[in-house]
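Here is what each chain is made of, one letter per residue.
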Amino acid sequence: MLLLSLAPAAAQEPAKGTAPPALDATLIERLVGVKPAASGGELKVSVPQTDLSVTVDGFRIIPPMGLTSWAAFTPAGGGAMVMGDIVVLEDEVGPVQKAAIEAGLSVTGLHNHFVRDEPGVMFMHIHGMGQTETLARGVRAALDAVRGLRMGKRLASRPAAVESTFDPKAIDRILGVTGSATGTMDSGIYKITLGRPDVKLTDHGTPVSTFLGFNTWMAFQGTPEKAAVAGDFAMLEHEVAPVIEALVRNGIEVVAVHNHMTTEQPRTYFLHFWGVGPVDKLARALKAGLDQTGRR
């Protein structure tokens, strides 16, 4: 596990009683080069890393299993706040950091999602506050740095899918969630995303929503008898040790514990996990971890 936190740039705090201006989706699409998804006045651009061929313990890791770069924008102050996660190979870390920082963004976290991954992949969190145009250009600079490095390696995008034969509803029943509301099956990966409505998280005084990355997620692939699951727990500081203990005691490997932000309130941690085994056993193990969150 690798953790890096750098001081963020000065924040632009919202004026009291002043509503931030709405985000310009057309501007973001033009500058970043990716059409954003929208939710509740927030916008997110996502770039699946289909040019990477990554395996862990014999399982192929494809974008829906956590191999997607993204940046989410939310109104803040007289402009916006952006936070995101850029997927980089190990030899790409330095150049992409440099590109992001020179474009006015901060690097607030650097970590792994997996162990024993071939090739080794890192995840770089970015943050910025200011005018939407400036932030969008910063995101584009980071993404362009990745593209340039991949072109130099002659890596090309290709379709990515795996075959899964388990019943997603069986996972929903064990976890106690409604798949139609939280889960999606994409290219053979069943992914569940759970928000933390019990926590009012802010960064630089700006609310951080599920859409902006404050969530717990888990992604399954494989068969009923042998599946793999990867994902991320969003935790308050007093939840970290109980969640780790619950996962480890139930056969899930904790592979990273790290930050995404540096000025968040309340203090928040994120935990990446990996597990291989019968899909029902994996789901029960994750339920044991979920049961340790939302408690005081």
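Higher on the page you've got the structure.
Procedures and definitions
- Position numbers for residues start from 1 in each chain and track the written sequence from start to end.
- Local features in this predicted model are restricted to residues of pLDDT 70 or higher, and side-chain atom pairs are both shown and tallied only at a pLDDT of 80 or more, whereas totals for entire chains, interfaces and linings draw on every residue.
- To obtain the side-chain values, all non-hydrogen atoms of the structure were included, while hydrogens and water were left out.
- Put simply, a salt bridge is a Lys or Arg side-chain nitrogen that is within 4 Å of an Asp or Glu carboxyl oxygen.
- Counting from the N terminus, the helices are DSSP H or I runs at least four residues long and the strands are E runs at least two residues long.
- In this scheme, a residue with accessible area under 20% of its type's maximum is buried, one over 50% is exposed, and one in between is partly exposed, where area comes from a 1.4 Å probe on protein chains only.
- Note: two strands are recorded as paired if DSSP finds a minimum of 2 bridges between them.

Outline the pattern of salt bridges, listing residues and values.
Per the stated rule, a full pass over the model turns up 16 salt bridges. The shortest N-O distance in the salt bridge between Arg150 and Glu92 comes to 2.8 Å. Here Glu92 lies in the loop between strand S6 (79-89) and helix H2 (93-102) and Arg150 lies in helix H3 (residues 132-152), a separation of 58 residues in the sequence. When sorted by exposure, Arg150 lands in the same class as Glu92, which is buried. With its nearest N and O atoms 2.8 Å apart, the salt bridge here joins Asp198 to Arg196. Put simply, Asp51, Asp91, Glu92, Arg150 and Lys153 are held in one network by salt bridges that share partners.

Just give me the short version of unusual backbone geometry, but keep the residues and values in it.
Negative phi characterises most residues that are not glycine, and trans characterises most peptide bonds. The peptide bond linking Glu118 to Pro119 adopts the cis configuration, its omega dihedral lying at -5°. Among the secondary structure elements, Pro119 is positioned in the loop between strand S8 (117-118) and strand S9 (121-130). Cis geometry is adopted by the peptide bond preceding Pro266, which originates at Gln265 and carries an omega value of -5°. Within the secondary structure, Pro266 sits in the loop between strand S17 (264-265) and strand S18 (268-277).

Give me the lowdown on the sheet that holds strand S13 (residues 206-207), citing residues and values where you can.
Strand order in the open sheet made by the 3 strands is S13-S12-S17, with antiparallel pairing throughout. On the outer flanks of this sheet lie S13 and S17, each paired with one strand and no other.

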